[in-house]
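Structural description and commentary
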There are 2 protein chains.
Amino acid sequence: MNTTTAELDGLAVAAAAAAPVWRASSASQRASWLRAAADGLEAHIDELVGIADEETRLGEVRLRGEVGRTTGQLRLFAAAVEEGSYLELTIDDADPSATPPRPELRRTLTGVGPVAVFSASNFPFAFSVAGGDTASALAAGNPVIVKAHSGHPRLSRRTADVVAAALEAAGAPAGSLALVEGREAGNLLVRHPVIQAAGFTGSLGGGRALFDLASGRPDPIPFYGELGSVNPVVVTDAALAARGEALAQGLVGSFTLGVGQFCTKPGVVFVPAGGGFEELVAGFAAGATGGPLLTDRITDAFPAGIAHLEADPSVAVVARGAAGGTDAAQPIVLSTDAAAVAARPETLLEECFGPVTLLVRYSSRDELLAALEAVPGSLTATLHSEPGDDVAAALAVLERKAGRVLFAGWPTGVAVTWSQHHGGPWPATTSLHTSVGASAIRRFLRPIVFQDAPVELLPPQLRDDALAGLPHRRNGVLRVPQPGR
Amino acid sequence: MNTTTAELDGLAVAAAAAAPVWRASSASQRASWLRAAADGLEAHIDELVGIADEETRLGEVRLRGEVGRTTGQLRLFAAAVEEGSYLELTIDDADPSATPPRPELRRTLTGVGPVAVFSASNFPFAFSVAGGDTASALAAGNPVIVKAHSGHPRLSRRTADVVAAALEAAGAPAGSLALVEGREAGNLLVRHPVIQAAGFTGSLGGGRALFDLASGRPDPIPFYGELGSVNPVVVTDAALAARGEALAQGLVGSFTLGVGQFCTKPGVVFVPAGGGFEELVAGFAAGATGGPLLTDRITDAFPAGIAHLEADPSVAVVARGAAGGTDAAQPIVLSTDAAAVAARPETLLEECFGPVTLLVRYSSRDELLAALEAVPGSLTATLHSEPGDDVAAALAVLERKAGRVLFAGWPTGVAVTWSQHHGGPWPATTSLHTSVGASAIRRFLRPIVFQDAPVELLPPQLRDDALAGLPHRRNGVLRVPQPGR
C-alpha cells in the first residue's frame, strides 16, 4: 500500500488548504477539535487495541494504557491552547518620544504550516498517528501528514480514519490529518514544498537520513528527531551500601520493561567495582522474562547488538533471564569496566534496542568522570546517591549529557505534564525542544509581529479585549489574568 | 591575520572551560557582566567609532547611533536575565496517587555551550563582535567565539579586546569572548566540536554554506542565519489616493537609507497600475543621493544586480538619483508589472544589496495575489491601506511570507524591544526564532528537567526560595511575583 507521488501531492494540497483554517481557529475551536480526536480514539478503543495487539504483540494491558496516555496528551494540549501562554503574546506600546520614535509592536506565535510526523515502532499509539508529535502540531494550528510505521500498518490506517473523521465531525477542515505509507513516500514527504516542519521518533540511521533530507532542501525546514539514547545511570558507593538490592531490582524491572524497547531504557550503569552490585543484579535478572520484539528488524538487530558488545575483550556476561516464548528475546546483563568504556565508547556505548544493559565498574571518581565524558547525548541520566555524597563533578557531566536528570527511580516512564522534557544533546534529539510535555507545541510555531496595525487587522488574540484574558507581556511586564475574572 | 587551526583549538579550549562558569552564573552576575561590556564600549566610543568610520565609511553620526543600539541591546538582555521569564521555569509537584505515580519535575532552560557568531558587514557594531547574537548568547550563559567580518578587521579586533577586558574586569572567566579571522577559520569554527550553536547575519550564499556545514556535522548544531530578504510593500488604490506623495517620499527615504544596505530595505513595492505612483517616486528619487558601499564585494555586486534586473524585458528605469561622490552608488528605481514577477520571480525578486527598489504595477486583486505568492520569505512585509480596504487576502499571504508585518511607516529601523521579531520564512532566516529583541536569547538555551532532585542538587533558580521571586508555572498555573515583594 505504498503511497504514490501523485497521491502525496493530493494530500499536500488538502493540507495546504486546511492550514489557514487551523491557523486562524480560535482557542476554543482548536481545543474542541483536539478533544474530539481523543473522544474518537476512546470510542474505538476495543477495535484499535485489538488491531494493535495483533500487529505489535505488546499486550492488551499495555496498549490500553497507551491509548490513555495518547488521549491524555491530546487533552493536555487542548488545555495548553486554552491557557494561552504558548502564544508568547508580547506587546510594546508606541513611544513617539523615543529616539528614534518607537512603533507599536504586537507579537504572537502562529502555526508554521503543514507538519510531517514519522511514527515510531515502539509506541503504536502515543508516538504514532495520533501521538505527541501529531497532537502538538495540531495544537499549534497545523494540519499533519503522518508517515505510518511499517510495524503496524493496519492500526495506522484505522487510527487515521478514526481521528480524521472525529476532527471533521467536530468542524475541522478536510485535510487536517492524512496518512502516507512506504519509505519512499516518507522521503518525498519531508522534502515536499508544502511541509514546513517534521517530527520523528526512531532509529539514529533513519532519523539522520531524514534530517539530511530536511536540511538539504532548497528551503530547509526544522526536523525534530528523537534518535537514540543510552540513558546512563550512576550508582555511588553510599547508594549501593544503603539500598543495593532495591536498586538492582529496580534496574532489572526498568531495562526489561516493554522488552527493553523504550527510548529511555537504562542502557549503561556505572557501579562501584567490587561492591557486589553485579551479583545482586544477576539474581534478579535470572528471574526476569523477555518476550517477542516489535518488528523483524529489531528481532534481527538484537542478537547482533549483543554479539557486537560481547566481541569486546572487556565484556563479560553477568546473567541471562528467560526468553518467555519462541522467537522471544532473552534479557541479558553484560559488564565491563570504566577504562574500556573511556577507550572504546563507539563500541560499548552504542544504543542496543531490546532487554540488555551494560554494567560498568569504576574504581575511582576520576575513572568514573572519564567514562561519563565518553557517554553520548541522552534523553535521561540517573544519579543514585545519598545525602553527603560528593557528586557535584559527576552531576555537572550528566547535566551536559542529558535532558532529564533523575535522582530516584528509573528513566522508563515519561510523565506527560507541563514541565516534562524529552530531549537531549545529539544523538538523543536534533533539537533544543522537547517531544513530550506541553512545551512540545513550540516546535511547530513561528513568531510574527504586527507593527502599528489597525485593530481590525490584528489576529484576535492580539487585540486589547482578548489580552485581558490571556497571559501576556506588555512593555516588559508579564501579566497573568486573575482566576475568576 | 588568518587564525590558524591551532589557534582556534586554543580558543575553543578556553571557551569550553568558561562555559560551566557562565552556565552556573547567577542572574545578577550575568547581568553585571553584560552591563560591563556595554560600559566598556561606551568608555571607548571615540576610538571605536574612529576605526569604524575608516573601515566602513558609514559616518560618525550613524556609527555613534549604532554603538548606542549595541549597548542598549546588552542592557536589554541584562534586564531580561534579571526578570527571569526566559528560563521558562516549570514545576510539577509529585502526585503519588496518580496512575502511574507522578514524580516531581522541575524544568529550566540552560545554556547550550560555546556559541559561534558570524558578524555582518553592514552593522559593524550592532550585528558584529558585540552585537545582538553575541549579547543574546552571553545572556543565555554561553561563551562566544566571533568570526570577524573582513570588511572591518581592525574594529573587530579592538572591539573584542575592549569587551573581553571589560568582561574579565567584571569577574567573568577568561575565554568568555574570542575572535577568529579568515574564511577557513570560520568554516572550522562552525564544525568545531566545542561549538554548540551558531548565529550568522550575511549573504544567502555564505549563510547557506555555513548552514550546510553545521547541519552536516556528525553532531548537527542549530545554525541561526539571517540570509536575505526583499521586504515586499503593498500600496492599495485608496492609500495611493489618500497619501501618495507621502508614501513616495517615505519609500525613497527608506530604500536609500544607509545606501540601501539594510536587511529590511523595501526591495519590491506593489503599486496600482496607472495611479501615478511611479511619477511621484521619480520626483523624490531624482533628488536622492547615494554614497560609497561598504565593501568591494558589495560595490562590484550592485551594478551587476541592476544589470541582471534590467536585462528582463519587462523592466524599465523610473529614475536615478545622484551618486554623491566618486566610487559611490547611484540610487535607482526600476519598474515592472505583476505578471512578469509571477512568471519570473527568480530573476525579479532576488535581493539586491544597495540603493535600488523595484516598483511592480498591478491591475487587479488577482494579479496582485498571484505576484505576492511568488515573493520569497522575508523579514518584513508592509501594507499601506486605508480603513475599509478589502485587504484580507493580501494580508493572509503577507503573514505567511514575513516575520514582521507593518501597517504604517517603512521596514528599515528595527526597534530592540521585548516584542521585536527579526526573522521570517526561508531565505529570510533559517529558524523559528528571532535575531533581534529579548526572545533572541531562546536560540542559545536548551531545556533540562530534574526529577525528584534533592534540593541541594538543584540549580538555584529551581529551588522554592528562588521561585518566589521569579515568574514560573507550578502545576500548570503561571505565577508572577508581585511588584514590591
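The residue numbering used here restarts from 1 in each chain and proceeds along that chain's sequence as written. Each chain gets a letter, beginning with A, and each ligand a number, beginning with 1, in the order they are written. Totals for whole chains, interfaces and linings use every residue, but because this is a predicted model, local features are given only for residues with pLDDT of at least 70 and side-chain atom pairs only at 80 or more, for both listing and counting.

1. Overview of the sheet that holds strand β3 (residues 115-118) of chain B
Residues and elements named next belong to chain B. To be explicit about the condition: Following DSSP output, two strands are said to pair if at least two bridges run between them. Each helix is a run of DSSP H or I of at least 4 residues and each strand a run of E of at least 2, with the numbering of both proceeding from the N terminus. Interaxial angle, 0 to 180 degrees, is taken between N-to-C directions of lines fitted to C-alpha atoms, where a helix line uses only the stretch in contact. Any pair of residues counts as being in contact when their C-beta atoms, constructed from backbone geometry, are within 7 Å of one another.
Spatially, five strands are ordered β5-β4-β3-β6-β7 in an open sheet, and the strand pairing comes out parallel. Two strands lie at the open edges of the sheet, namely β5 (177-180) and β7 (223-226), each paired on one side alone. For this sheet, the mean inter-axis angle between neighbouring strands, taken without regard to orientation, is 15 degrees. Together, β4 (144-147) and β5 form the strand contacts of helix α1 (residues 5-24), whose direction differs from that of β5 by roughly 165 degrees. In the packing of helix α7 (residues 183-191) onto the sheet, the strands contacted are β3, β4, β5 and β6 (197-201), and the crossing angle to β4 comes to about 150 degrees.

2. Topic: the relation of the copies chain B and chain A
Between the two copies of the chain lies a relationship made up of a rotation around an axis and a movement along it. Test applied: To superpose the copies, least squares is applied to the C-alpha atoms of every residue with a pLDDT of at least 70 in both.
Each copy of the sequence occupies a distinct position, and chain B is placed on chain A by a rotation of 180 degrees and an axial shift of 0.0 Å, giving an RMSD of 0.0 Å. Taken together, the rotation angle and the small translation identify this as a two-fold axis. The overlap is high: 100% of the interface residues of chain B also sit at the interface in chain A, so the same surface is used on both sides.

3. Focus on the environment of Gly151 of chain A
Looking at the element boundaries, Gly151 of chain A is found in the loop between β4 (144-147) and α6 (153-169). Linking Gly151 of chain A and Leu189 of chain A, residues 38 residues apart in sequence, is a C-alpha distance of 19 Å.

4. A word on the interface of chain B and chain A
Cut-off, in case you're wondering: The nonpolar class holds Ala, Val, Leu, Ile, Met, Phe, Trp, Tyr, Cys and Pro. Asp, Glu, Lys and Arg form the charged class, and all remaining residues, Gly among them, are polar.
Between chain B and chain A, the residue contacts involve 56 residues of the former and 56 residues of the latter. Mapped by element, the contributors of at least two residues to the side of chain B that touches chain A are β1 (90-92), β2 (105-111), α8 (204-216), α15 (392-401), β16 (402-406) and β17 (445-451) of chain B. For the side of chain B that touches chain A, the leading source of residues is β17 of chain B, giving seven residues. Of the residues assigned to the side of chain B that touches chain A, the class counts are 31 nonpolar, 15 polar and 10 charged. Here three bridges tie strand β16 (residues 402-406) of chain A to β17 of chain B, and the two strands are oriented parallel to one another. The residue of β17 of chain B that forms the bridge with Leu406 of chain A is Gln451 of chain B.

5. A closer look at the confidence of the model for chain A
Selection criterion: A residue's pLDDT is the predictor's confidence in that residue, given on a scale from 0 to 100.
Averaged over all residues, the pLDDT of chain A equals 96, while 99% of them reach at least 70. In the predicted complex, the global pTM is 0.97; the interface-specific ipTM is 0.97.

6. Digging into helix α8 (residues 204-216) of chain A
To be explicit about the condition: Expected span of a helix: the number of residues minus one, times 1.5 Å. Each residue is classed by its C-beta neighbour count within 10 Å, where at least 20 other C-beta atoms makes it buried, 12 or fewer makes it exposed, and intermediate counts make it partly exposed; the C-beta atoms are placed from backbone geometry. An arc is given here, and it is the one of the directions from the helix axis to the C-beta atoms.
Look at α8 of chain A: 18 Å from first C-alpha to last across 13 residues, which is about the 18 Å you get at 1.5 Å a residue. Among all positions in α8 of chain A, only Gly207, Leu210, Phe211, Ala214 and Ser215 of chain A are buried. Down the axis of α8 of chain A, the buried side of the element spans an arc of 135 degrees, and every buried residue falls inside it. In this structure, the buried side of α8 of chain A is in contact with β3 (115-118), α7 (183-191), β6 (197-201) and β7 (223-226) of chain A together with α8 of chain B.

7. Description of helix α2 (residues 27-43) of chain B
Residues and elements named next belong to chain B. Relative to the 24 Å expected for 17 residues at 1.5 Å per residue, α2 spans 24 Å between its end C-alpha atoms, a close match to the ideal helical length. Of the residues making up α2, those classed as buried are Ala27, Arg30, Ala31, Trp33, Leu34, Ala36, Ala37, Ala38, Gly40 and Leu41. The inward-facing, buried residues of α2 abut α3 (45-56), α4 (60-83), α5 (132-139) and α6 (153-169).

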